[in-house]
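# Structural features, examined
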Amino acid sequence: MRIVVLAGGIGGARFLRGLKAAAPEADITVIGNTGDDIHLFGLKVCPDLDTVMYTLGGGINEEQGWGRDDESFRVKEELAAYGVGPEWFGLGDRDFATHIVRTQMLDAGFALSAVTEALCARWQPGVRLLPMTDDRVETHVAIGEGGERRAVHFQEYWVRMRASVDAHAVVPVGAEQATPAPGVLEAVADADLILFPPSNPVVSIGTILAVPGIRDAVAASGAPVIGLSPIVGDAPVRGMADKVLAAVDVESTAAAVARYYGAKGRSVAQTERAGLLDGWLVDTVDAGSVGEVEAAGIRCRAVPLMMTDVDATAAMVREALALAEEVRA
Ligand code: GDP
Ligand code: CA
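Before going into details, it helps to say that this report is about the structure given with it.

What counts as what
Residue positions are given per chain, counted from 1 along the sequence in the order it is written. The naming scheme follows written order: chains are lettered A onward, ligands numbered 1 onward. Per-residue local features of the predicted model are confined to residues with pLDDT of at least 70, and side-chain atom pairs are confined, for both listing and counting, to 80 or more; whole-chain, interface and lining totals are unaffected and use all residues. Excluded from the side-chain calculation are hydrogens and water; included are all heavy atoms of the structure. Water is not among the atoms examined, so metal sites may look incomplete; donors are the N, O and S atoms within 2.8 Å of the metal, or within 3.2 Å for Na, K and Ca. Only DSSP runs of H or I covering at least 4 residues are called helices, and only runs of E covering at least 2 are called strands; the numbering of each starts at the N terminus. The cut-offs for exposure are 20% and 50% of the maximum accessible area for each residue type, with area from a 1.4 Å probe on protein chains only; residues under the lower value are buried, those over the upper are exposed, and the others partly exposed. Throughout this document, a residue counts as near a molecule or strand when at least one of its heavy atoms sits within 4 Å of that molecule or strand. Pairs of N or O atoms within 3.5 Å make up the polar contacts considered here, provided that, within protein, one atom can donate a hydrogen while the other can accept it, and that residues adjacent in sequence are counted only when both atoms are side-chain atoms. All accessible areas in this document rest on Shrake-Rupley with a 1.4 Å probe, and a residue is counted as covered only by the protein chains that are shown. Residue polarity is assigned by list, with Asp, Glu, Lys and Arg as charged and Ala, Val, Leu, Ile, Met, Phe, Trp, Tyr, Cys and Pro as nonpolar; anything else, Gly included, falls into the polar class. Stacked, edge-to-face and tilted are the three classes for Phe, Tyr and Trp ring pairs, Trp counted by its six-membered ring, which pair at centre distances within 6.5 Å; planes under 30 degrees apart are stacked, over 60 edge-to-face, the rest tilted. In this scheme, the term charge over a ring applies when either NZ of a lysine or CZ of an arginine sits within 6 Å of the ring centre and within 35 degrees of the ring normal. Disulfides are defined as pairs of cysteine sulfur atoms found within 2.5 Å of each other. Note on pairing: two strands pair once DSSP finds at least 2 bridges between them. Here an angle of 0 to 180 degrees is reported between the N-to-C directions of two axes, which are lines fitted to C-alpha atoms, with helices fitted over the stretch in contact.

### What about the coordination of the calcium ion (ligand 2)?
For a metal bound by four donors in a tetrahedral arrangement, the ideal donor-metal-donor angle is 109.5 degrees, while six donors in an octahedral arrangement ideally sit at 90 or 180 degrees. Note on the calcium ion (ligand 2): its protein donors are D36 (OD), D48 (OD) and D48 (OD). The metal-donor distances range over 2.0 to 2.6 Å. Of this pair, D36 sits in the loop between β2 (27-32) and β3 (38-40) while D48 sits in helix α2 (residues 47-57), and the two are twelve residues apart along the sequence. There is no split in this pair, since D36 and D48 are both buried.

Shown next as structure tokens:
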């Protein structure tokens with residue numbers, strides 16, 4: 001079975017680990033978000049691609065969910081001693097090597113997709129990891145009031161400010177001019193199943209869908225499209241997804257996120273966008289919202305959705321596979 005997953009960082013990566021356990025025979029293509037990418041110290045950093053690569057390749061810092069295991073921060077300390085920041089973005093010594101290799105290859109003229117493949121030759125993630133695009137896309141967040149209104153890079157909003165102020169808008173700068181990376185549209189067209197893991201609907205999956213062609217390809221797919229809610233009990237399981245959902249006028253509920261993606265074959269309310277989902281899983285604590293999601297034209301089940309370990313995550317995946325079979329039937 002050919003499975004395509006649109007993934008952000010931690011939520012996507014942990015889900016993928018469960019997917020590999022639950023469907024070891026599957027041919028998995030991951031379309032990764034690159035809207036979080038940032039240039040630091042002259043280096044190109046791709047946080048979401050690296051989180052997927054390190055998690056599946058066995059190099060992740062498990063407690064943190066991002067960055068390398070057994071990490072040290074001596075380079076960062078030395079940079080700080082020169083007064084060179086930003087000090088708020090945690091780049092460890094081992095992690096630096098990845099960004100140096102990536103930047104060197106990009107400077108030599110390789111596309112990000114080719115660079116990602118080269119990095120994965122070391123990590124052997126067991127999936128085909130494709131960036132959503134080889135073009136530069138950077139998510140910016142509009143903050144501030146009146147004359148103070150300004151846009152900041154997503155990482156500045158998320159990591160430095162910890163999303164402590166309201167976001168008025170989230171803009172994937174460059175997305176409109178971007179084209180999907182080689183293999184992305186083909187993977188979607190050839191998929192037997194498309195999964196939206198519990199990744200951020202706005203700044204992870206939403207950014208991938210903003211690359212022209214990707215949303216339409218998913219909407220047009222004959223394969224079931226099944227999503228799993230990152231919102232449990234009306235709040236993100238971790239992180240501040242509620243802040244960016246508010247910026248796009250979506251409530252932080254499992255049902256509202258499902259309606260934001262929309263039902264396949266219908267258009268999303270108040271927008272011109274094509275709906276995407278055949279099925280949606282909510283956590284058992286949100287069982288009361290199943291009727292609302294089904295009324296929107298999306299098959300819905302309430303099952304445990306906490307990725308506490310690989311077994312629990314694999315069980316979530318099996319529920320998603322079962323819902324896909326139901327949709328197919
Ligand atoms: P990021 O790029 O590292 O922010 O990660 P993603 O975009 O892939 O995923 C972030 C989302 O994962 C957040 O909105 C969390 O609420 C969600 N998430 C994290 N852990 C869990 C979990 O165990 N269960 C569910 N359902 N969602 C989770
Ligand atoms: Ca991310």
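### Notes on the site of ligand 1
P198, S199, S204, L305 and M307 are the nearest of the 20 residues found near ligand 1. In this structure, G11 approaches ligand 1 through a main-chain N or O atom, which is 3.1 Å from an oxygen atom. For ligand 1, whose unbound accessible area comes to 590 Å², protein coverage reaches 90%. Split into classes, the residues belonging to the shell around ligand 1 amount to ten nonpolar, eight polar and two charged.

### Observations regarding the packing of aromatic side chains
This model, assessed by the stated rule, comprises seven aromatic pairs. On the basis of an interplanar angle of 75 degrees and a centroid distance of 6.1 Å, the ring pair of W88 and F89 is categorised as edge-to-face. An aromatic cluster is present here, built from F196, Y260, Y261 and W280 joined pairwise through their rings. A cation sits over an aromatic face here: R68 above Y54, 5.6 Å from the ring centre.

### Here we look at the state of the cysteines
By the definition in use, this model includes zero disulfides. For C120, which is in no disulfide, the shortest distance to another cysteine sulfur is to C46 and amounts to 11 Å.

### Some details on the sheet that holds strand β7 (residues 150-153)
Read from one edge to the other, the open sheet built from three strands follows the order β7-β6-β8, with strand pairing classed as antiparallel. Lying at the two open borders of the sheet, with one neighbouring strand each, are β7 and β8 (169-173). The average undirected angle you get between the axes of adjacent strands in this sheet is 30 degrees. Of the pairings in the sheet, the one linking strand β6 (residues 138-143) to β7 comprises four bridges and is antiparallel in character. The partner of H140 across the bridge, within β7, is H153.

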